[in-house]
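# Observations on chain architecture
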Amino acid sequence: MIDVKAAVFVGPNEPLEIRDLTISDEPGPNEVLVQMAASGVCHSDLHALDGDWETPAPLVLGHEGAGEVLAIGSEVTDLAVGDHVILSWTPSCQKCEFCVSGNPVLCQLANETAYQHVFFDGKPRLRDGDEDVKSFLAVGSFGSHAMVPASAAIKIRRDAPLAQAALVGCAVTTGIGAVINTAKVEPGSTVLVVGCGGVGLNVVQGARLAGAKQIIVADVSEEKLELGRKFGATHTVNSRERDLAEAVRELTDGRGVDYAFEAIGLPFTIEACYEAVRRGGTAVVVGQVADGVKISIDPFVMSDQEKKLIGSNYGSSRQSIDFPKILDLYMEGLVDLDSMVTGRIPLEGVNEAFEGMRKGQGIRTVIEY
Ligand SMILES: NC(=O)c1ccc[n+]([C@@H]2O[C@H](COP(=O)([O-])OP(=O)(O)OC[C@H]3O[C@@H](n4cnc5c(N)ncnc54)[C@H](O)[C@@H]3O)[C@@H](O)[C@H]2O)c1
Ligand SMILES: [Zn+2]
Ligand SMILES: [Zn+2]
């Protein structure tokens, strides 16, 4: 057994508690034990904390992490102790029809286990004395150590800084992947991105990489709109001041955009994205809504104008391919991760980091262990 210092979710709207937990130092045959180096704080953690999503307690939150392999299971062949890894929150079984057809984010087994915050055997790995403690999405990166299925530890180059690498574990891959993998935006496209947070700004980076000619960003914060420009936006709309779809039509000669990405998770901004796309265009839902929230779309417009509404989970990524590729783009200066890290804190500062996120401050706060 080894000691794990972790930030534990004890119930909705309660501050996370810093506790000393334990975990086995002997990973299961297909697992690895990771010494965490860094973890980003993502809005999906905040959804759990705020009670938007039914989440069991006690549970170690965090799912956007990177670290170093401390121990490997007997059947793990592609990782070694000391490897640097980014953690994935969709461990893949590599056997189900979704994994075999190249869609590991839809893995059947991950849906039944990791999405319930337990491991492939249905059990948690952490303990608080006699009590079991779950790990958010079978990652739980708000802890000094994490046990993960081997398919959730993706080996990366050693020269990449781990704070920046951690962000590739969620926001960066989610945003860039939504553009490149899910929507497959073509060069010369017009793109709208609603919400300039950690995820939305990476949609902007993805649109820039894809060669979009016009990238319109919308947010309610002028500071975030300015960041949108920094990451590649050509136009900004303050959606507190303007009707979004109307402003987008004005900026596109009445046509609407080819692609619109919602990166907040609110019903009215998803509806506005659908309204803002041109005939035959595609609106992509990236932001995640609270449990039970519904949207309203006119199905006549859908058929008559052939407008598409699609979803994107984890940027439709194949993590073992996409994590190292995105990190290479960063190391070559084609993707900006340095400006994404707007705060570095010890684990004890995690509740303040959520407070900042609620107020819309900064892009990503990174916990460093
Ligand atoms: N699909 C996926 O796989 C996936 C992965 C990660 C996160 N997410 C989801 O993406 C969403 C965004 O996450 P994030 O970490 O970037 O959040 P964030 O808090 O960093 O950013 C949200 C942004 O939305 C802006 N905003 C809030 N209300 C607005 C409004 N009414 N109009 C315009 N802008 C508004 C805020 O100012 C902020 O800039 C969350 O719902 C999160 O759960 C989805
Ligand atoms: Zn699978
Ligand atoms: Zn996330």
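Note on numbering: residues in each chain are counted from 1, in written sequence order. As a convention, the first chain written is A and the first ligand written is 1, with the rest following in written order. Predicted model: local features are reported for residues with pLDDT of at least 70 only, side-chain atom pairs are reported and counted for 80 or more only, and whole-chain, interface and lining totals are derived from all residues. Processing note: side-chain calculations cover all non-hydrogen atoms of the structure and skip hydrogens and water entirely.

Heads up, the rule is: UniProt positions are given in the numbering used here, feature names are shortened, and annotations may be inferred rather than shown by experiment.
Per an unreviewed UniProt entry, the protein is named Zn-dependent alcohol dehydrogenase, and its organism is Leucobacter edaphi. Under the heading Sequence similarities (unreviewed entry), UniProt records this for the protein: "Belongs to the zinc-containing alcohol dehydrogenase family." As recorded by UniProt, the Cofactor (unreviewed entry) comment attached to the protein reads in full: "Zn(2+)".

## Description of the pairing of strand β14 (residues 257–262)
The line we're drawing: Working definition: with a 1.4 Å probe on protein chains only, accessible area under 20% of the residue-type maximum means buried, over 50% means exposed, and in between means partly exposed. A helix here means a DSSP run of H or I that spans at least four residues, while a strand means a run of E at least two residues long, and both kinds are numbered starting from the N terminus. Whether two strands pair depends on DSSP finding at least two bridges between them. Note on handedness: a clockwise path from strand one over the helix to strand two, with the strands aimed away from the viewer, defines a right-handed crossover.
When you tally the buried positions in β14, you get 6 out of 6 residues, the bulk of the element. Relative to β14, strand β11 (residues 190–194) runs parallel, the two sharing 4 bridges. Considered in β14, the bridge of Leu-192 is made with Ala-260. A crossover links β14 with its parallel partner strand β15 (residues 277–285), the connecting element being helix α9 (residues 267–276), and its sense is right-handed.

## With respect to the environment of Ala-138
Here Ala-138 is to be found in the loop between β8 (131–135) and β9 (145–149). Among the residues examined, Ala-138 registers a relative accessible area of 2% and is labelled buried. The spatial distance from the C-alpha of Ala-138 to the C-alpha of Ser-296 is 33 Å, given a sequence separation of 158 residues.

## Re the site of ligand 1
Defined as follows: The nearness test applies per residue and asks whether one of its heavy atoms lies within 4 Å of the molecule or strand. Two N or O atoms form a polar contact when they lie within 3.5 Å of each other; inside protein one atom must be a possible hydrogen donor and the other a possible acceptor, and for residues adjacent in sequence the pair counts only when both atoms belong to side chains.
With respect to spatial proximity, 28 residues lie near ligand 1, and among them His-43, Ser-44, Asp-219, Ile-264 and Tyr-314 are the closest. Residue Ser-239 places a side-chain N or O atom 3.5 Å away from a nitrogen atom belonging to ligand 1. Where the shell around ligand 1 is concerned, the elements lending two or more residues are α1 (43–49) and α6 (198–210). At 3 residues, the largest contribution of residues to the shell around ligand 1 is made by α1.

## A short note on the coordination of the zinc ion (ligand 3)
The test is simple: The rule for donors is simple: N, O or S, within 2.8 Å of the metal, or within 3.2 Å if the metal is Na, K or Ca. Water isn't counted, so a site may look like it is missing partners.
Taken together, Cys-42 (SG), His-63 (NE2) and Cys-170 (SG) make up the full set of protein donors to the zinc ion (ligand 3), lying 2.0 to 2.3 Å away. Sequence spacing among the residues donating to the zinc ion (ligand 3) works out to C-x20-H-x106-C. Taken together, the residues span a long stretch of sequence, with His-63 in the loop between β4 (59–60) and β5 (64–72) and Cys-170 in the loop between α4 (162–168) and α5 (171–183) at a distance of 107 residues. Of the two residues examined, His-63 and Cys-170, each falls in the buried class.

## So, the coordination of the zinc ion (ligand 2)
Threshold: Square planar and octahedral assignments, for four and six donors respectively, both demand that opposite donors be over 155 degrees apart and that all other angles lie between 65 and 115; tetrahedral needs four donors with all angles between 85 and 135 degrees, and anything else is irregular.
Here the zinc ion (ligand 2) is held by Cys-93 (SG), Cys-96 (SG), Cys-99 (SG) and Cys-107 (SG), and the distances to it run 2.3 to 2.4 Å. Around the zinc ion (ligand 2) sit 4 donor atoms, and with donor-metal-donor angles ranging over 103 to 118° the site reads as tetrahedral. On the primary sequence, the residues serving as donors to the zinc ion (ligand 2) are separated as C-x2-C-x2-C-x7-C. Taking relative accessible area as the criterion, Cys-93 reaches 16% and is therefore assigned buried. Assessed through its relative accessible area of 12%, Cys-99 is described here as buried.

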